[in-house]
Amino acid sequence: MTQHASSAVPVRAPEAESERESEPDPEPERDSAPRDLGADRPSVHTPARTLAPAPDPAPAPVLDRAPADAPSTRRLIGIDLARGLAVFGMYAAHVGPDPTVGGPVGFLAETARGRSSALFALLAGFSLVVITGRPHPRTGRAGRQAQARIVLRAAVLVVLGYALTALDTGVAVILSFYGVLFLAVLPLYRLRAGTLALVAAAGALVLPLALYVARASIEYGSWADSVTAWDPLARMSGTDGVVELLFTGEYPVLTWFPFLVAGMAVARTDLDRPGIRFRLAAVGAALALLGYGGSWLALRLVPHALSAVAAATDGGSASSAWWSDAVGDPTNRTPPAWLLVAAPHSQTTFSVLGNTGVALVVVAACLTAAARMPRLVRLVTPVAAVGMMPLTVYVLHIVALWFFADVWYAPAIEGDSESALPVLLGFVAAAMLLATAGTRRFRRGPLECLLHLATRPARHIR
């Protein structure tokens with residue numbers, strides 16, 4: 001999310017759709033819980049078995065593995081931790097303080113802008129693979145049911161996203177975009193990790209160019225207005241409907257597609273294989289360097305690129321366009337030099353590569369911490385708890401911004417960073433308290449439970 005006053009996460013979001021959401025497998029995937037997996041509580045509806053499975057001859061020690069015959073899904077604690085950090089990054093982007101405060105606080109606030117939403121999108125792709133079968137995709141009736149569950153939750157997210165947008169908080173809610181993105185990547189759910197990585201890379205290279213052309217045609221043509229006039233979604237929501245979701249919105253499907261596919265590739269990887277987390281971090285670091293470093297070089301080596309970007313953004317800080325959203329948004333015609341920018345939500349190849357790299361590094365760090373530093377993980381359990389119910393805490397933070405409008409607008413819009421920081425800490429503390437209490441008592445957060453119930457009709461598919 002440009003994560004500024006007009007951006008959002010999302011979630012689990014926002015999806016924030018967590019692995020806890022996935023249906024119990026007909027037969028539990030015994031190889032799906034690596035050492036750094038935490039186990040969900042077994043379902044109370046454990047089906048009876050006529051024959052007990054034969055014990056493994058030499059079971060490997062596993063941290064907190066659920067019983068082999070429990071049909072509940074497993075959770076990667078590191079993934080929950082990464083998602084919790086993404087939630088807090090989204091809070092920082094929407095509540096403040098403003099990056100112009102400088103120092104470590106300003107740097108962290110700047111880092112949260114755009115990059116936390118990319119992390120959410122990547123983790124949403126991870127969750128989609130969990131729902132449709134990890135490590136092996138479901139087939140047959142189970143596969144059809146899993147696909148139907150994705151379609152149903154996508155529809156719910158679209159409706160919920162527009163409902164939150166109607167609150168007019170100034171936050172660009174990501175949930176509706178998430179819903180469409182789930183539908184866009186669903187046909188890829190059976191692909192292997194390597195193939196998914198290639199698709200994500202190709203999308204990062206090609207789709208930003210396609211979006212640039214599409215936006216230029218919208219700017220100089222009238223076809224988008226014609227589509228919007230006939231679009232029932234636009235009439236019902238009071239927005240630009242499909243055109244906004246695909247092209248003109250804060251999270252256009254064309255350039256956010258690669259984030260979800262990259263997350264799907266990570267989910268297809270054996271995260272317990274020796275050295276895999278290090279390689280994941282190395283790939284992330286290389287992508288971040290290629291994205292942000294490549295943009296920095298291109299803006300300075302391509303003649304007149306910096307001046308063209310500065311002119312297009314009406315006084316924006318073009319020198320920071322390789323990293324910061326201080327560059328602003330193009331106010332008139334978007335010049336071709338804009339494709340060299342890597343700022344959050346610039347919707348360019350450099351931006352997609354850099355943000356994907358940061359997301360992969362965070363995921364690798366969280367997975368490593370969960371696997372090798374159990375004491376640290378226990379200390380940050382409240383953060384992981386937030387990652388277990390991200391849809392709930394995302395929606396509640398939007399509602400809170402609407403309800404406490406004076407608290408929200410004063411720090412964020414007037415630039416009062418001294419007031420914004422306590423408000424941010426209050427949001428973080430409230431989310432951790434709510435999530436910690438909820439996950440101790442219940443298997444799912446309230447909205448995660450409702451979303452789960454909304455997908456139950458998929459069980460009737462034959």
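Preceding block: the structure.
Structure report, in brief. (Residues numbered from 1 in each chain as written. Predicted model: local features only at pLDDT ≥ 70, side-chain atom pairs only at ≥ 80, totals over all residues. Heavy atoms only, no water.)

### Concerning the packing of aromatic side chains
- All told, the structure shown has twelve aromatic pairs when counted by the stated rule.
- Their ring planes at 10° and their centres at 6.3 Å tell us that Phe-107 and Trp-323 sit as a pair that is stacked. In this pair, Phe-107 is assigned in helix α2 (residues 103-112) and Trp-323 in the loop between α12 (305-312) and α13 (349-372), connecting sequence segments 216 residues apart.
- Centroid distance Tyr-251 to Trp-256: 5.1 Å. Interplanar angle 80°. Geometry classified as edge-to-face. We note that Tyr-251, like Trp-256, is buried.
- Its guanidinium or amino end placed over the ring of Trp-323, Arg-115 lies 3.7 Å from that ring's centre, counting from NZ or CZ.
- Seen from the ring of Phe-442, Arg-441 lies directly overhead, with NZ or CZ sitting 5.7 Å from the centre. (Phe/Tyr/Trp six-rings, centres within 6.5 Å; stacked < 30°, edge-to-face > 60°. Helix = DSSP H or I, 4+ residues; strand = E, 2+ residues; numbered from the N terminus. Buried < 20%, exposed > 50% of the residue type's maximum accessible area, 1.4 Å probe, protein only. Lys NZ or Arg CZ within 6 Å of the ring centre and 35° of its normal.)

### Some thoughts on helix α5 (residues 175-185)
- Most of α5 is tucked away: nine of the eleven residues are buried.
- For α5, the set of buried residues is Leu-175, Ser-176, Phe-177, Tyr-178, Gly-179, Val-180, Leu-181, Phe-182 and Val-185.
- Looking at the buried residues of α5, the elements they touch are α3 (115-132), α4 (140-165), α9 (241-248), α10 (253-268) and α16 (390-403). (Contact = heavy atoms within 4.5 Å.)

### Things to note about the packing of helix α6 (residues 193-220) against α9
- Packing of α6 against α9 brings their axes to within 10 Å, and their N-to-C directions diverge by 135°. By the angle between their directions, the pair α6 and α9 is classed as oblique. Together, Leu-211, Ala-214, Arg-215 and Ile-218 of α6 and Val-243, Leu-246, Phe-247 and Thr-248 of α9 make up the contact between the two elements.
- Among the residues making up the contact of α6 with α9, the classes are represented as six nonpolar, one polar and one charged. (Axes fitted to C-alpha atoms, helices over the stretch in contact; angles between N-to-C directions. Parallel < 35°, antiparallel > 145°, perpendicular 65-115°, else oblique. Nonpolar A, V, L, I, M, F, W, Y, C, P; charged D, E, K, R; others polar.)

### Description of the nonpolar core
- With 90 residues, the main nonpolar core has Tyr-91, Tyr-178, Phe-182, Val-363 and Tyr-394 as its most contacted residues.
- Look past the residues within four positions of Val-363 in its chain and what remains in contact with it is Ile-79, Ala-82, Leu-119, Leu-122, Leu-123 and Leu-280.
- Judged by nonpolar contacts, the second largest core, of 17 residues, contains Ala-318, Ala-321, Ala-337 and Leu-340. (Core = buried A, V, L, I, M, F, W, Y, C linked by side-chain atoms within 4.5 Å.)

### Details of the environment of Ser-346
- As for its position among the elements, Ser-346 is in the loop between α12 and α13.
- When the C-alpha positions of Ser-346 and Glu-250 are compared, they lie 9.3 Å apart, and in sequence the two are 96 residues distant.
- In this structure Ser-346 touches Trp-338, Val-341 and Ser-351, once residues within four positions along its chain are discounted.

### Some remarks on unusual backbone geometry
- Following Arg-134, the chain continues to Pro-135 via a peptide bond in cis, the omega torsion being 10°.
- Within the secondary structure, Pro-135 sits in the loop between α3 and α4.
- Backbone geometry at Asp-168 places phi at a positive 55°, although glycine is not the residue there.
- Relative to the helices and strands, Asp-168 resides in the loop between α4 and α5.
- Even without a glycine there, the phi angle at Gln-347 is positive, about 60°.
- Within the secondary structure layout, Gln-347 lies in the loop between α12 and α13.

### A short note on the packing of α10 against α13
- Put simply, α10 and α13 touch, their axes get as near as 10 Å, and they point 30° apart. If you check the angle between α10 and α13, you find them roughly parallel. Crossing handedness for the pair α10 and α13: right-handed. Contacts from Thr-255, Pro-258, Phe-259, Ala-262 and Val-266 in α10 reach Val-352, Asn-355, Thr-356 and Leu-360 in α13. (Left-handed = near helix turned anticlockwise from the far one by under 90°.)

### Re the side chain of Thr-356
- Along the polypeptide, Thr-356 turns up in helix α13.
- Given the relative accessible area of 8%, Thr-356 is considered buried.

### Here's the deal with the pattern of salt bridges
- For the structure shown, the criterion picks out four salt bridges.
- Residue Arg-113 pairs with Asp-98 through a salt bridge whose shortest N-O separation is 3.9 Å. Here Arg-113 is found in the loop between α2 and α3, whereas its partner Asp-98 is found in the loop between α1 (77-95) and α2, with 15 residues between them in sequence.
- Residue Arg-113 is classed as buried on the basis of its relative accessible area, which comes to 8%. (Salt bridge = Lys/Arg side-chain N within 4 Å of Asp/Glu carboxyl O.)

### Here we look at a nonpolar patch on the surface
- A surface patch of nonpolar side chains, about 310 Å² in accessible area, is lined by Val-101, Val-105, Leu-421 and Leu-425.
- The topology assignment puts Leu-421 in helix α18 (residues 417-441). (Patch = residues over 30% accessible without salt bridge, like charges linked within 9 Å, V, L, I, M, F, W, Y side chains within 5 Å. Areas by Shrake-Rupley, 256 points an atom, 1.4 Å probe, with all protein chains shown as cover.)

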